[in-house]
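Here's the letter readout for the chains.
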Amino acid sequence: KFNGSDIVKKNNKIWQQELDELTYNQKSTKDGYIMPKRALKEISDFIYQLPYPVITTDIGNCSSQANSFMKFENDRSYLCAGLFGSCGYSVPAAIGAKIAMPGRDVFSLTGDGAFAMQSLGELLTLKREKIPITMIVMRNEYWFAEALNQRLYFGERYNGTQLDRTPSFVGIAKSMDIEGIEVRDYKDINKSLKKAVLNQRKGISTLIEIYVEDETTPIFRSDAMSLPYRFLPKYKHLSIAKEPPKL
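What counts and what doesn't
Residues numbered from 1 in each chain as written. Predicted model: local features only at pLDDT ≥ 70, side-chain atom pairs only at ≥ 80, totals over all residues. Heavy atoms only, no water. Helix = DSSP H or I, 4+ residues; strand = E, 2+ residues; numbered from the N terminus. Rg over C-alpha atoms; globule rule 2.2 N^0.38 Å. 1 Å grid on protein atoms, 1.4 Å probe; cavity = no way out; pocket = protein on both sides within 12 Å on 5 of 7 lines; lining within 4 Å. Points joined across faces, edges and corners; volume = space filled by probe spheres on them. Nonpolar A, V, L, I, M, F, W, Y, C, P; charged D, E, K, R; others polar. Axes fitted to C-alpha atoms, helices over the stretch in contact; angles between N-to-C directions. Parallel < 35°, antiparallel > 145°, perpendicular 65-115°, else oblique. Left-handed = near helix turned anticlockwise from the far one by under 90°. Contact = heavy atoms within 4.5 Å. Pairing = 2+ DSSP bridges.

J.: Which residues make up the overall build of the protein chain, and what are the values?
T.: Scanning the protein chain from N- to C-terminus turns up 8 helices and 6 strands. Beginning at the N terminus, the succession of helices and strands in the protein chain can be written as α-α-β-α-β-α-β-α-β-α-α-β-α-β. Here the protein chain has a C-alpha radius of gyration of 19 Å; the compact-globule value for 247 residues is 18 Å, and the two agree. Its C-alpha atoms give the protein chain principal-axis dimensions of roughly 65 × 60 × 35 Å.

Given below as structure tokens:
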């Protein structure tokens, strides 16, 4: 007798075990920085315990990794830009979700590149319009989706992808009278999210800035990230026979 539910449960269990191995076998190499997968696992486990949460994601490295971790029991719970590539989607989508469903806890997840490019101005909107959401900014100090392309396709000639001089987003949030929490240890993620949820239910927005290591991960489809081969003789020197070392 065919039982689709059992097959789904079995495959979910296998995937969860694989995900746990990828998450817990990693060790941070930079003091005060968390491995991205561990951060996402802590975030996902916390949000999954809530009764009816909503999470929105942007585009980029941390957002594409989030697709593997986030889990929900209800529909209309995970809003992402998908393959549209619309940078700056996450925070406005979270604002819209909170307006449409004010009784639900709403979380926005984005990298520091996308947040700085499109979402800083929304802090003022949140304060002015009194819309309470929780913003989670994964700070790896890179435009990592673009850095990965530059590593594979352009011989590690990086340009405009390092964001190491970015000011504190927590400081910027506080200057706009938004609560800001800086996180540099995965053990503090759960505590920070609890505080943010309590704030949200009181009508207060919170920005949580999580410092994560610069870990490269193929974006969306790894088969689309094949090494480039140049067919025209004048560009032969730009072909790459093997993948360069990771950033």
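J.: A description of empty space enclosed by the protein should follow, citing residues and the corresponding values.
T.: Scanning all chains against the criterion turns up 1 cavity of 30 Å³ or more. Estimates place the volume of the largest cavity at around 30 Å³. What lines the largest cavity is Pro36, Asn61, Cys62, Gln65, Asn140, Val212, Glu213 and Glu215. Of all the elements, helix H3 (residues 61–69) adds the most residues to the lining of the largest cavity, at 3 residues. Looking at the lining of the largest cavity residue by residue, the classes come out as 3 nonpolar, 3 polar and 2 charged.

J.: A description of the packing of helix H2 (residues 36–48) against helix H8 (residues 189–201) should follow, citing residues and the corresponding values.
T.: One way to put it is that H2 packs onto H8 with a least axis distance of 10 Å and a crossing angle of 40°. Taken together, the axes of H2 and H8 lie oblique to each other. Along this stretch, H2 crosses H8, giving a crossing that reads as right-handed. In this structure, H2 uses Ala39, Glu42, Ile43 and Phe46 to contact H8, whose residues at the interface are Ile189, Asn190, Leu193, Lys194 and Val197.

J.: Give a description of the environment of Lys27 that names residues and reports values.
T.: Take Lys27: it is sitting in the loop between helix H1 (4–24) and H2. Distance from Lys27 to Arg38, taken between C-alpha atoms, is 9.5 Å for residues 11 residues apart in sequence.

J.: Describe the sheet that holds strand S4 (residues 134–139), listing the residues and the values that go with them.
T.: Strand pairing in a sheet relies on backbone hydrogen bonds. The paired strands run either parallel or antiparallel. The sheet built from 6 strands is open, its strands ordered S2-S1-S3-S4-S6-S5 with parallel pairing. The open sheet has two edge strands with one neighbour each: strand S2 (78–80) and strand S5 (179–183). Each strand of the sheet is rotated relative to its neighbour by a mean of 20°, with strand direction disregarded. Looking at chain direction, S4 and strand S6 (residues 206–211) are connected through 6 bridges and run parallel. By the bridge assignment, Thr134 is partnered in S6 with Thr206. Of the strands in this sheet, strand S1 (54–57), S2, strand S3 (106–111) and S4 are in contact with H3, which crosses S3 at around 130°. Along the sheet face, helix H4 (residues 90–100) touches S1, S2, S3 and S4 and points at about 175° away from the line of S3.

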